[in-house]
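Secondary and tertiary structure notes
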Amino acid sequence: MTLDASWFTEIAPGEGIALSLRGARKLHAEQTPFQTIEIYETETFGTLMVIDGCVMLTDRDNFVYHEMLVHPALFSHAAPRDVLIVGGGDCGTLREVLRHPEVASVVQAEMDERVTRLAEQYFPELCAANADARARFYFGDGIQWVKAAPAASLDVILIDSTDPVGAAEGLFAAPFYAECLRALRTDGLMAQQSESPLLHAQLIRNMHTEFRQVGFSDVKTLTFPQVTYPSGWWSATLARKQGEIAGFRRLDAENRLFPTRYYNAAIHAAAFALPTFLRDALFR
Ligand code: AG3
């Protein structure tokens, strides 16, 4: 069987792998000052957002990514009040953060306002919580936002970015981590999307090194399936300012009053278990 023109394909040239979704009907395409954004309707994965040729999210499987970037970090913090999201323009991460009743304020610092406007139009369910009084939207450079933030003013920082090339590269680097460390309170922590455990173990290793280099006291990576990203397997890396990332508010996670479709307390504990090759790649 061959792929006809109706398939959307993301090619990861360096990795030598591609992923295709059938029946992709283009609904919208535009070039913003920052990137190319495309929206498709697919046959079996619902609406699809693509930035610079890379799958950002589909209706069908974005819940896994968003829940796993947000809930392990927030349940690992004793009382997350003030949260910053860097990137995350589609508002899926924001929606999950706002599910936590302890959260008093969330800023979403997204470089490209068009991502959010298109999400409002094509992914309204991800934007369902945007009118929440605790949410604030900043459209501009997240790195500058963190630099300007007062010291010890945040409990949790979540980095929901594109791949570490171009604009997002600076989000995977020690100078940015140092600014995050400064902006976090002593019991604060951050979580960053950290690409594929199988394809990008070296990148994850570098992240660990740089988080520790700038003074984070513990760093841990969790993994989860993400069908529509290269290799179908993805990760998030957490870094805590002081103390260890060990244990979490298990009872709160078990008794949470909001719905999740992937995350639960057992998944939280299991997601940090590292396959042997990854443990070796990260720590040997
Ligand atoms: N952030 C994009 C993760 C990177 C995907 N990479 C790829 N397809 N090559 C996800 C945005 C969802 N809020």
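Residues numbered from 1 in each chain as written. Predicted model: local features only at pLDDT ≥ 70, side-chain atom pairs only at ≥ 80, totals over all residues. Heavy atoms only, no water.

Further remarks concern the packing of helix 6 (residues 201-213) against helix 9 (residues 276-283). Running from N to C, helix 6 and helix 9 cross one another at 45 degrees; their axes reach a closest spacing of 8 Å. Comparing the axis directions of helix 6 and helix 9 gives the class oblique. In this structure, the crossing between helix 6 and helix 9 has a hand that is right-handed. Across the interface between the two elements, Ala201, Ile204, Arg205 and His208 of helix 6 pack against Leu278, Asp280, Ala281, Leu282 and Phe283 of helix 9. Residue composition of the contact of helix 6 with helix 9, grouped by class: six nonpolar, one polar and two charged. (Axes fitted to C-alpha atoms, helices over the stretch in contact; angles between N-to-C directions. Helix = DSSP H or I, 4+ residues; strand = E, 2+ residues; numbered from the N terminus. Parallel < 35°, antiparallel > 145°, perpendicular 65-115°, else oblique. Left-handed = near helix turned anticlockwise from the far one by under 90°. Contact = heavy atoms within 4.5 Å. Nonpolar A, V, L, I, M, F, W, Y, C, P; charged D, E, K, R; others polar.)

Around the ligand lies a shell of 14 residues, among which Glu10, His66, Asp90, Asp160 and Asp163 are the nearest. Measuring from a nitrogen atom of the ligand, one finds a backbone N or O atom of Ser161 at 3.0 Å. With respect to the ligand, the side chain of Asp163 contributes an N or O atom lying 2.8 Å from a nitrogen atom. Notes on the ligand: free accessible area 400 Å², of which the protein chains cover 98%. Mapped by element, the contributors of at least two residues to the shell around the ligand are strand 6 (54-58) and helix 1 (62-76). The element best represented in the shell around the ligand is strand 6, accounting for three residues. Here the shell around the ligand is built from residues that sort into seven nonpolar, three polar and four charged. Summarising the domain contributions, the shell around the ligand has at least three residues from each of domain 1 (8-58) and domain 2 (62-283). (Near = heavy atom within 4 Å. Polar contact = N/O pair within 3.5 Å; in protein donor to acceptor, adjacent residues only side chain to side chain. Areas by Shrake-Rupley, 256 points an atom, 1.4 Å probe, with all protein chains shown as cover. Domains from an automatic or database assignment.)

Another point: the environment of His66. As for its position among the elements, His66 is in helix 1. His66 sits in the buried class, given a relative accessible area of 3%. In the structure, His66 is positioned 59 residues away from Glu125 in sequence and 13 Å away in space, judged by C-alpha atoms. Residues in contact with His66, not counting those within four places in the same chain, are Asp90, Gly92, Thr93, Glu96, Leu126 and Asp160. Within the structure, His66 has its side chain in polar contact with the side chain of Asn62 (distance 3.0 Å). (Buried < 20%, exposed > 50% of the residue type's maximum accessible area, 1.4 Å probe, protein only.)

Domains assigned within the chain are domain 1 (8-58) and domain 2 (62-283). Look at where the C-alpha atoms of domain 1 and domain 2 centre, and you get two points 23 Å apart. Contacts between the two partners involve 24 residues from domain 1, matched on the other side by 20 residues from domain 2. When domain 1 packs against domain 2, close to 2,000 Å² is buried across both sides, 70% of that on carbon and sulfur atoms. The largest contributions to the domain 1 side of the interface with domain 2 come from Phe34, Met49 and Leu57, which together make up 24% of the buried area. In this structure, the connection of domain 1 to domain 2 is made through one salt bridge. The partner of Glu30 in a salt bridge is Arg114, and the shortest N-O contact between them spans 2.8 Å. The interface formed by domain 1 and domain 2 holds six residue pairs in polar contact (both at pLDDT 80 or more) in total. Mapped onto the side of domain 1 that touches domain 2, the elements with two or more residues apiece are strand 1 (8-12), strand 2 (17-21), strand 3 (25-31), strand 4 (36-41), strand 5 (47-51) and strand 6. Broken down by element, the side of domain 1 that touches domain 2 gets its largest block of residues, five residues, from strand 6. Class assignment for the residues of the side of domain 1 that touches domain 2 results in 16 nonpolar, five polar and three charged. (Buried area = accessible area lost by both parts, 1.4 Å probe. Salt bridge = Lys/Arg side-chain N within 4 Å of Asp/Glu carboxyl O.)

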